[in-house]
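Summary of structural features
Each chain, written out:
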Amino acid sequence: MGDVTTQTNASGSDPVPNRIHARPVPRPGRLVAAAVVLVLAAMAANALITNDNFRWDVVWLYLRDVVVIRGVTWTLVLTFASMAIAVVLAVTLAMMRRSDNPVMRWVSWLWIWFFRGTPIYTQLIFWGLLGVLYPRLSLGIPFGPEFFTFRTEDVITAFWAALLGLAFNESAYLAEIVRAGLTSVDPGQTEAAKALGMKDGKIMRRVVLPQAMRVIVPPTGNETISMLKTTSLVVAVPLTLELTYGTSAIGNRIFLPVPLLVVAALWYLLITSILMVGQHYLEQYYGRGFGTATGRRGRGKGPGGKQAAIAAAGTVQEDVNREVTP
Amino acid sequence: MSVVADSAALPADSTDMVSVRAVHKVFGHGHDAVHVLKGVDLDVARGEVTVILGPSGSGKSTLLRCINELEEITGGTVVVGGDLMGYRQDAKGTLHRLHPKAVAKQRSRIGMVFQRFHLFPHMTALENVMEAPVQVRGLSKKAAKQRALELIERVGLSDRMDHYPAQLSGGQQQRVAIARALAMDPELMLFDEPTSALDPELVGEVLSVMQDLARSGMTMIVVTHEIGFAREVADHVVFMDDGVIVESGPPAEVLDTPKEERTRNFLSHVL
């Protein structure tokens, strides 16, 4: 920087003839603070690496173990499948919440109230007990004839119990996120689309949802990362194939629980990091035309309200690491 | 109630594009009710430009929104192009509310331009103009694009068609919004204070597009504070205050020799 300035000065082409070259304010505190923090970080790193209790050799060995890799796969399957089901349910629930039909609004409210209001662990236990509580499932008219009947344990296997348990619980949280997204879209957008003769369904799909996605995607990414770790609770069903149970089983067998916990932690960290990159690109895509710092083309004021105004003001930095993982 | 009974006395004059009869609009219920339109009659002939003037809160925007069913009227009738808006009347004279799909179809023949543009921010200017013909009319993308390019040229924005609304000035956004409304080949265009949200130096470009449109024979109802535009372009000027039409007539009459005290008062403030 200084070099450039002197160069242009020397050639006499600096457009600012009286450029200020002042000394910065002395801030000795900054150096001290940085030094203290660096020393503390070094101590933490040292404590992790040099402590033999962590048995990094065992960690490295089991990081690539077949059982561990299989656990990672199951964890990923559970995470993405349950999120996919939850997203579909959440959009439906959010639309029901906005419906003119009071029955729809009530059912949606009740669903969210129940699944948000009870612990996921308890819900998963009940999903596992479904076969005991209801040995037979049947399709028919309530208090009337039954058309199809099957044994619960044939249909709701441990995998499906875990999957549905995670998905139903998550759908309650996501529904609120979707609802917030839908309400964040300027009502003028719906009016403009109506005035053009678009029907309600088209207005939702073509105009409202694409704009709501800007608000929906960041917290949904956060929920996905959260779900990745919530899958470790499916032992309550019990489903014993995923990463946490798999690694702790090995740890117990070889009497080295700590290194195997580290193995699991490292895998969760790696997957989370990859998810964060994916989320970054998704946000970039849905931010187009809104003048967010990461938008595909350009910046400026969109009619998107708070988010766009915040982005335009540049008071909040938008980067991959913005999301906080609980 | 008598207002609804009057509706049996239809049908409107066939030369009229718009025929508003005894329209009342009440927002809210009970103690919170606000009576915004108190019996409005308005006729707009085909190819005619009507400018509605009036102080804010006089109900002029509400009237405009009642014409294309963005607001459901409380009493009276609105007939556009010979069609009763929002209702079907059976042989006994009973009104039946139309299905939302039928209302959407009625709206598709009426273009509307808003004060705050309301362009779709996630679509480029070109995509904004193509959207309704493709999604509502089922036009092929190719045909819609060709038509959209013509319209964007007509409003003088061919070099900006790939820009998102956020990258356009207010005047440019409003011109795109006009092109978007025209893409549906409307029989009637409604303008709700189209220049009120613009910086002063950008008002002219939008007004000149509207003036061209009027010259091409489009039927237009314009709510505006631009007295100059009313004088030059309007066939009729309507002055509204407190939910009723106080005075209407040719621009020279209403603007230069107003009969009513309220009109004189208003004009002395805006001129």
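The structure contained in this document is the topic of the report that follows. (Residues numbered from 1 in each chain as written. Chains lettered and ligands numbered in written order. Predicted model: local features only at pLDDT ≥ 70, side-chain atom pairs only at ≥ 80, totals over all residues. Heavy atoms only, no water.)

1. Description of the sheet that holds strand β11 (residues 236-241) of chain B
Residue and element names in this part refer to chain B. For clarity, the cut-off: Strands qualify as paired when DSSP identifies two bridges or more between them. A run of DSSP states H or I qualifies as a helix once it reaches four residues; a run of E qualifies as a strand once it reaches two. Both are numbered from the N-terminal end. A fitted line through C-alpha atoms represents every axis, and for helices the fit uses only the stretch in contact; the resulting angles, taken between N-to-C directions, go from 0 to 180 degrees. Contacts are assigned to residue pairs that have any heavy atoms within 4.5 Å of one another.
Read across the sheet, 6 strands follow the order β8-β9-β10-β3-β11-β12 without closing on themselves; strand pairing throughout is mixed. Either end of the sheet is taken by a strand with one partner, and the two such strands are β8 (110-113) and β12 (244-249). Each adjacent strand pair in this sheet contributes to an overall mean axis angle of 15 degrees, direction not counted. Two strands pair when backbone bridges link them, and strand β3 (residues 49-53) and β11 are joined in this way by 4 bridges, in the parallel orientation. Along β11, the bridge assignment pairs T50 with H236. Sheet strands in contact with helix α7 (residues 200-215) are β3, β9 (188-192) and β10 (219-223), and its direction is about 150 degrees off that of β10.

2. A short note on the pattern of salt bridges
As a reminder of what qualifies: For salt bridges, the criterion is a side-chain nitrogen of Lys or Arg within 4 Å of an Asp or Glu carboxyl oxygen. Residue exposure (1.4 Å probe, protein chains only): buried if accessible area is under 20% of the type maximum, exposed if over 50%, otherwise partly exposed.
A full pass over the atoms with the stated rule returns 27 salt bridges over all chains. In this structure, A:R19 and A:D14 form a salt bridge, with 2.8 Å as the shortest nitrogen-oxygen distance. A residue is classified by how much of its surface remains accessible, and A:R19, at 36% relative accessible area, is partly exposed. Exposure remark for A:D14: the relative accessible area of 12% places this residue in the buried category. Its salt-bridge partner being B:R160, residue B:D159 comes within 3.4 Å of it at the nearest N-O pair. In this structure B:R160 comes out as partly exposed when scored by relative accessible area, which is 28%. A cluster of three or more residues bridged by salt bridges with shared partners is formed by B:R137, B:R147, B:E150 and B:D185.

3. A few points about the sheet that holds strand β5 (residues 83-84) of chain B
Residues and elements named next belong to chain B. Spatially, 4 strands are ordered β2-β1-β4-β5 in an open sheet, and the strand pairing comes out antiparallel. Across the chains shown, the open sheet's two edge strands, defined by having one partner strand only, are β2 (34-45) and β5. Both strand β1 (residues 16-27) and strand β4 (residues 75-80) contribute to a ladder of 5 bridges, which runs antiparallel. Of the residues in β4, the one forming a bridge with V18 is V80.

4. Observations concerning the packing of helix α10 (residues 200-230) of chain A against helix α12 (residues 257-286) of chain A
Residue and element names in this part refer to chain A. What counts here: In these notes the angle categories are as follows: under 35 degrees is roughly parallel, over 145 is roughly antiparallel, 65 to 115 is roughly perpendicular, and the rest is oblique. Following the grouping adopted for this structure description, the nonpolar residues are Ala, Val, Leu, Ile, Met, Phe, Trp, Tyr, Cys and Pro, the charged ones are Asp, Glu, Lys and Arg, and the polar ones are all others, Gly among them.
One can describe the packing of α10 onto α12 by two numbers: an axis separation of 10 Å at closest approach and a directional angle of 175 degrees. With respect to each other, α10 and α12 are oriented roughly antiparallel. In this structure, α10 contributes P210, M213, R214, V217, P218, G221, N222, T224, I225, L228 and K229 to the contact, and α12 contributes Y268, I271, T272, L275, M276, Q279, L282, E283 and Y286. When grouped by side-chain class, the residues that make up the contact of α10 with α12 number 12 nonpolar, 5 polar and 3 charged.

5. Comments concerning the side chain of B:Q106
Inspection of the secondary structure assignment puts B:Q106 in helix α3 (residues 100-107). Here B:Q106 is in contact with B:D83, B:L84, B:M85, B:G86 and B:L98, once residues within four sequence places are set aside.

6. Things to note about the interface of chain A and chain B
Counted only if it meets this: Take the accessible area each of two parts loses on contact, using a 1.4 Å probe, and add the two losses: that sum is the buried area.
Counting from both sides, the interface comprises 28 residues of chain A and, opposite them, 27 residues of chain B. Interface area for chain A against chain B, summed over the two sides, is near 2,400 Å², with a carbon-plus-sulfur share of 59%. Seen at the junction of chain A and chain B, the total is 2 salt bridges. One salt bridge in this structure joins A:E191 and B:R65, with 2.5 Å as the shortest N-O distance. When residues in the side of chain A that touches chain B are grouped by element, the largest group, 7 residues, is from helix α9 (residues 187-195) of chain A. Taken together, the residues that form the side of chain A that touches chain B break down as 9 nonpolar, 8 polar and 11 charged.

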